[in-house]
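Analysis of the macromolecular model
The residues making up each chain are set out below.
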Amino acid sequence: MKKKIMAVCLTVCLAAVAVIGGTLAYFTDKDEAENVFTVGNVNIDLTEPNWDAEGSKDADTVYPGEPLKKDPTVTVDEKSNPCFVRISVEGLKQFGEKGDIIYRTDNVDNKLGENWVLHTDGYYYYTKVMEAGQTTDALFDQIVMPTALTGNEEAQPINVVAQAVQAQGAKASFADVQNMTVEEIAAWFTTCGF
């Protein structure tokens with residue numbers, strides 16, 4: 001009797017495997033899509049058109065209190081994504097107790113160009129989102145030598161460095177990006193690795 005029960009059990013098990021095995025057959029298909037995309041970028045040019053035309057020539061014979069044309073501007077490349085821009089200027093404080101080189105705009109001492117703000121981190125931030133092909137207002141349009149200079153000082157170069165970071169992604173909506181404060185723009189530069 002045991003052999004007969006085992007034979008029946010084996011037959012039922014094989015039938016179950018056959019049925020289960022039969023239900024594992026599915027219709028299948030495969031398709032692929034290739035999505036081509038181009039990653040955007042940010043590319044800027046720092047220029048000083050009036051420095052190049054006149055200021056650099058006058059710098060060789062500068063006298064105390066003389067203004068020199070110097071006008072750092074930043075242009076965003078035609079193929080760049082929208083971005084924020086900042087500038088650092090080194091060398092304005094090189095004469096110690098004899099005074100600092102001061103910048104001016106429209107003949108007003110320590111006045112920056114339109115839309116520029118000096119932040120507590122030492123960078124000058126342009127407060128508007130820059131679009132492809134746009135140029136900032138000049139950071140300033142002149143520098144003025146300290147009046148206490150005697151002519152025996154060795155002047156060091158004034159180094160101007162511009163940096164840019166993409167504007168997209170700084171906030172959830174681009175409308176919010178366009179209304180960011182200088183503090184938020186400075187924090188975004190830090191978030192992006194500057």
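This section reports on the structure supplied with the text.

A tally of helices and strands in the protein yields four helices and ten strands. The order of helices and strands in the protein, counted from the N terminus, is α-β-α-β-β-β-β-β-β-β-β-β-α-α. When burial is assessed residue by residue, the protein has 31% of its 194 residues classed as buried. Taking as baseline every contact in the protein between residues at least 6 positions apart, the subset at least 24 positions apart corresponds to 74%.

Let us look at the sheet that holds strand E7 (residues 116-118). Backbone-to-backbone hydrogen bonds pair the strands of a sheet. The strands run either parallel or antiparallel. Reading across the sheet, the four strands line up as E7-E8-E4-E10 and stay open at both edges, with antiparallel pairing between neighbours. With partners counted over all chains shown, the strands left at the sheet margins are E7 and strand E10 (159-166), one partner each. Shown here is a sheet whose adjacent strand axes are inclined to one another by a mean of 25 degrees, direction ignored. In terms of strand pairing, strand E4 (residues 83-90) meets strand E8 (residues 124-126) through two bridges, oriented antiparallel. Bridging from a neighbouring strand, arginine 86 pairs with tyrosine 125 of E8.

This next bit is on the environment of asparagine 107. Tracing the backbone through its elements, the reader meets asparagine 107 in the loop between strand E5 (102-105) and strand E6 (108-109). The sequence separation of asparagine 107 and glutamine 142 amounts to 35 residues, and the corresponding C-alpha distance is 7.8 Å.

Definitions and limits used
- Residues numbered from 1 in each chain as written.
- Predicted model: local features only at pLDDT ≥ 70, side-chain atom pairs only at ≥ 80, totals over all residues.
- Heavy atoms only, no water.
- Helix = DSSP H or I, 4+ residues; strand = E, 2+ residues; numbered from the N terminus.
- Buried < 20%, exposed > 50% of the residue type's maximum accessible area, 1.4 Å probe, protein only.
- Contact = heavy atoms within 4.5 Å.
- Pairing = 2+ DSSP bridges.
- Axes fitted to C-alpha atoms, helices over the stretch in contact; angles between N-to-C directions.

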